[in-house]
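Each chain, written out:
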Amino acid sequence: MLNILIVALLQGFEYALVTLGVMLSFRIIRFPDLTIEGSFPLGGAITASMIAAGLQPVFGVVVSLFAGFAAGILTGVLNTKFKISKLLSGLLVMTILFTINLRIMGRSNIPLLYFGTILTPIEKLIPKSSLPLIFFFLIVILLSKWLVDKFLMTELGLALRATGDNEQMIKSLGVDTDFTNILGLGMANALIALSGSLITQDQGFADISMGVGVMVTGLAAMIIGETLLRPKNMWWLSTAMILGTVVYYFVISVGLRLGLAPTDLKLATGLMVAVALCAPALRDRYGVSKILREAKRRALVKGRSLG
Amino acid sequence: MLELENVTKVFNRGSIDEKVALQGINLKVSKGDFITIIGSNGAGKTTLLNSITGSVLVDDGNVIIDGLDVTHLSEFMRGKFIGRVFQNPLMGTASEMTVEENLSMALLRGKSRGLRKGVTENHRRTYKPILQTLGLGLEDRLSDRVGLLSGGQRQSLAILMATLALPKLLLLDEHTASLDPKTAAVVMDLTERVVKENALTTLMVTHNMEQAIRHGDRLIMMHEGRIILDVSGGEKSRLTVPEVVERFGVVDEKLLLV
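Residues numbered from 1 in each chain as written. Chains lettered and ligands numbered in written order. Predicted model: local features only at pLDDT ≥ 70, side-chain atom pairs only at ≥ 80, totals over all residues.

Asker: Just to check I follow, could you spell out the overall build of chain B for this structure?
Answerer: Across its full length, chain B carries nine helices and 10 strands. The dimensions of chain B, computed from C-alpha atoms along their principal axes, are 55 × 40 × 35 Å. In chain B, buried positions account for 43% of the 258 residues. Put simply, of all contacts in chain B between residues at least 6 apart along the chain, 69% involve residues at least 24 apart. (Helix = DSSP H or I, 4+ residues; strand = E, 2+ residues; numbered from the N terminus. Buried ≥ 20, exposed ≤ 12 C-beta atoms within 10 Å, placed from the backbone. Contact = placed C-beta atoms within 7 Å.)

Put into structure tokens, the structure is as follows:
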């Protein structure tokens, strides 16, 4: 059980960066962005290639961040400047990135077994324990969350949120919503490429197909987090993203331990999202507060008929 | 302040649905004018406002604001100096954001937005007395989401937001039409006060003839994309609903609704 928890925490904190990026595009600027499935392996491809070429791993991380940002900008420009639909813009960039990722790697898989990564010194702190890594990824995600929270409360951040909330209004206040949309997509994909870079270094390889399903995972984690915390403001929303990702990986780990085959994971993810989406309706109908209210009403009716 | 020169707009030109919305409109608005615009459905009132804000690009003619030809300027660029309140209270505010966040966004109209804190204690101290003048209790709800407010509250907030940074031009597009009569009166009082206090140059489109006559210092009546009546000063203050009806016929029965 403890083992499952450790796995869930590590994966949860690793992938929470993706969920945070999904939050920026899907919730903040309300842009259903498919670029994610390309920018995640983009981070991995760049990092693995640079490390395999003998460069400092930290450069790989930095370049991944900027490359992810650029991918988001490309999607944003296609949508805002050339009026290609949001879904299609993301789909196009995702498709383009597949080839770019292959070109960067030169083949479909780069193992990093014999190279040091930025995680190597951290792993060595306590031999054969995941605790240092969990701690490292916790710091990364908390720092990212703090930065995103702070940013969304700035003048520019407010304009970004309004772009998703009421684009017409913020435009009439003199804000270039092309710019805010592009910026939001850039930031989201920078976070996601960063996640791809760090996860590649943890798992010890980059693979061309590592992005498959990452968007659905992010969406699932986001919806689970929102259902659990029902966030009322930005701070709680980003907190929900982290919690949702950890819960998602906990459920998946439990499922695998109970004998779920890895091929069943997509079904499990789909069911989990469906349950999370059904929760508000179920809560209204069968929730504790509803039952209490009913009981009170019955008691009242009974009391009145007696009196 | 505002000049329209031969402004023309045709929708679906050359198709079976061709609709001439504006037929060579010429209009000069002086600084501080409060103009009410009235006309039946399809008279071109909203298209007129939209061609000023840039939501609609005109086919012909020029739009000049404060000496600057804005005919080809994009909507958000014009937003830097045009305040606007829409008919639908949902359109003028961001519902997922708080009252104070909405006001802060409005305060930055026409200014660059950077990484400074969006809402500061200083801001809150400024907003409270302004909201107090509304008498709606919004001064105690600064950190409430706007989605929790009523239509009248949202529209009042929208008026504050449109005028907070003192735009060169204020455009009101039937902004009381979707409110109940009592709330509409409150919102109209607020409009009148804000416009007077700041001597804002204002264009107010309305469906309500009585409202058009009672408010403002100049009245324009539109019909089929043309201005058919333009009165101001003493002549306007003597105007009555029956007189207008007699001169122009009942263009639209809705115009008579008070």
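Asker: Can you walk me through the overall build of chain A in this structure?
Answerer: Counting its secondary structure elements, chain A contains 13 helices and two strands. The dimensions of chain A, computed from C-alpha atoms along their principal axes, are 85 × 55 × 35 Å. For chain A, with 307 residues in total, the buried portion stands at 48%.

Asker: Even after reading the chapter, I still don't get the interface of chain B and chain A, so can you show me in this structure?
Answerer: Think of interface size as the accessible area that goes away when the parts come together; that is how it is often given. In this assembly, 25 residues from chain B lie in contact with 21 residues from chain A. Listed by contribution, the elements that provide at least two residues to the side of chain B that touches chain A are helix H2 (75-79) and helix H3 (99-107) of chain B. Examining the composition of the side of chain B that touches chain A, we find that four residues originate from one element, H3 of chain B, more than from any other. Counted by class, the side of chain B that touches chain A contains eight nonpolar, eight polar and nine charged residues. (Nonpolar A, V, L, I, M, F, W, Y, C, P; charged D, E, K, R; others polar.)

Asker: Would you mind going over the domain arrangement of chain B with me for this structure?
Answerer: Residues and elements named next belong to chain B. For chain B, the assigned domains read domain 1 (1-81 + 167-179 + 187-258) and domain 2 (90-166). When each unit is reduced to the centre of its C-alpha atoms, the spacing between domain 1 and domain 2 is 27 Å. Contacts between the two partners involve 13 residues from domain 1 and, on the opposite side, 12 residues from domain 2. In terms of residues, the side of domain 1 that touches domain 2 owes the most to one element, helix H6 (residues 181-198), which gives five residues. Tallied by class, residues from the side of domain 1 that touches domain 2 come to eight nonpolar, four polar and one charged. (Domains from an automatic or database assignment.)

Asker: Please explain the environment of glutamate 246 of chain B as it appears in this structure.
Answerer: Residue and element names in this part refer to chain B. Looking at where glutamate 246 falls in the secondary structure, it is placed in helix H9 (residues 241-248). Residue glutamate 246 is classed as exposed on the basis of its C-beta count, with 10 C-beta atoms lying within 10 Å. Considering only alpha carbons, one finds glutamate 246 and isoleucine 64, 182 residues apart in sequence, at a separation of 35 Å.

Asker: I tried to follow the packing of H3 of chain B against helix H5 (residues 151-163) of chain B on my own but got confused; where do I start?
Answerer: What describes two packed helices is the angle between their axes and the distance between those same axes. Residues and elements named next belong to chain B. Packing of H3 against H5 leaves a shortest axis separation of 8 Å and a crossing angle of 30°. Classified by the angle their axes make, H3 and H5 are roughly parallel. Considering how the two elements wind past one another, H3 and H5 form a crossing that is right-handed. For the pair H3 and H5, contact is made by Val99, Asn102, Leu103 and Ala106 and by Leu157, Leu160 and Met161, respectively. (Axes fitted to C-alpha atoms, helices over the stretch in contact; angles between N-to-C directions. Parallel < 35°, antiparallel > 145°, perpendicular 65-115°, else oblique. Left-handed = near helix turned anticlockwise from the far one by under 90°.)

Asker: Is there a simple way to think about the pairing of strand S6 (residues 82-85) of chain B in this case?
Answerer: Both faces of the sheet carry side chains from a regular strand, because those side chains alternate between them. Residue and element names in this part refer to chain B. Of the two faces of S6, both are covered, the one formed by Ile82 and Arg84 as well as the one formed by Gly83 and Val85. Judged from the four bridges that link them, S6 and strand S7 (residues 169-173) form a sheet pairing that is parallel. Across the sheet, arginine 84 pairs through a bridge with leucine 171, a residue of S7. (Pairing = 2+ DSSP bridges.)

Asker: Quick question: what am I supposed to make of helix H4 (residues 86-105) of chain A here?
Answerer: Each α-helix winds once per 3.6 residues, and so residues spaced three or four apart point in a common direction. Residues and elements named next belong to chain A. Between its first and last C-alpha atoms H4 spans 28 Å; for 20 residues at 1.5 Å apiece the expected length is 28 Å, and the two agree. Within H4, the full set of buried residues consists of Lys86, Ser89, Gly90, Val93, Met94, Leu97, Asn101, Ile104 and Met105. Of the surrounding elements, those touching the buried residues of H4 are helix H2 (36-52), helix H3 (57-80), strand S1 (109-111) and strand S2 (205-207). Following H4 by one or two positions, glycine 106 has its phi on the positive side, about 80°. (Expected span 1.5 Å × (residues − 1).)

Asker: Teacher, can you tell me more about the nonpolar core here?
Answerer: One recurring pattern in soluble globular proteins is that nonpolar side chains are buried together. Counting 150 residues, the largest nonpolar core has Leu17 and Met23 of chain A together with Ile37 of chain B as its most contacted members. For this core, the element with the most residues is helix H1 (residues 2-28) of chain A, which contributes 14 residues. Each of two domains, domain 1 (1-81 + 167-179 + 187-258) and domain 2 (90-166) of chain B, supplies a minimum of three residues to this core. Aside from chain neighbours lying at most four places away, what touches leucine 17 of chain A is Ile141, Ser144, Leu191, Ile192, Leu194 and Ser195 of chain A. (Core = buried A, V, L, I, M, F, W, Y, C linked by C-beta atoms within 7 Å.)

Asker: Please clarify how helix H1 (residues 45-53) of chain B should be interpreted in this entry.
Answerer: All names here are of chain B. Along H1, nine of the nine residues are buried, which leaves the element largely enclosed by surrounding structure. When H1 is considered as a whole, its buried residues turn out to be Lys45, Thr46, Thr47, Leu48, Leu49, Asn50, Ser51, Ile52 and Thr53. Phi turns positive, to about 95°, at glycine 54, one or two residues after H1.

Asker: Help me out: how do you make sense of the sheet that holds S6 of chain B in this one?
Answerer: What holds strands together in a sheet is hydrogen bonding between their backbones, with the strands either parallel or antiparallel. Residue and element names in this part refer to chain B. Pairing in this open sheet of six strands is mixed, and the strands run S6-S7-S8-S3-S9-S10 from one edge to the other. The sheet is open, and its two edges are formed by S6 and strand S10 (226-232), each paired on a single side. For this sheet, the mean inter-axis angle between neighbouring strands, taken without regard to orientation, is 15°. Sitting on the sheet, H1 touches strand S3 (34-39), S6, S7, strand S8 (202-206) and strand S9 (218-223), and the angle it makes with S7 is about 150°. Here H5 sits on the sheet and contacts S6 and S7; the angle it forms with S6, its principal contact strand, is near 175°.

Asker: Just checking my understanding: could you explain the confidence of the model for chain B for this structure?
Answerer: Note that predicted coordinates carrying low pLDDT should not be read in detail. Per-residue pLDDT for chain B has a mean of 90; in total, 96% of the residues score no lower than 70. What the predictor reports for the complex is a pTM of 0.90 with an ipTM of 0.89. (pLDDT = per-residue confidence, 0-100.)

Asker: Would you take a moment to explain the pairing of S7 of chain B for this structure?
Answerer: Where burial is concerned, most of S7 of chain B is hidden: five out of the five residues are buried. Neither face of S7 of chain B is open: one carries Leu169, Leu171 and Asp173 of chain B, the other Leu170 and Leu172 of chain B, and all of them are buried.

Asker: Teacher, can you tell me more about unusual backbone geometry here?
Answerer: Negative phi is the rule for most residues except glycine; trans is the rule for most peptide bonds. Even without being glycine, arginine 30 of chain A reaches a positive phi, approximately 50°. Inspection of the secondary structure puts arginine 30 of chain A in the loop between H1 and H2. Taking the number of C-beta atoms within 10 Å as the measure of exposure, arginine 30 of chain A has 16 and is therefore partly exposed. In the Ramachandran plot, asparagine 12 of chain B falls in the positive-phi region, its phi being about 50° despite a non-glycine side chain.

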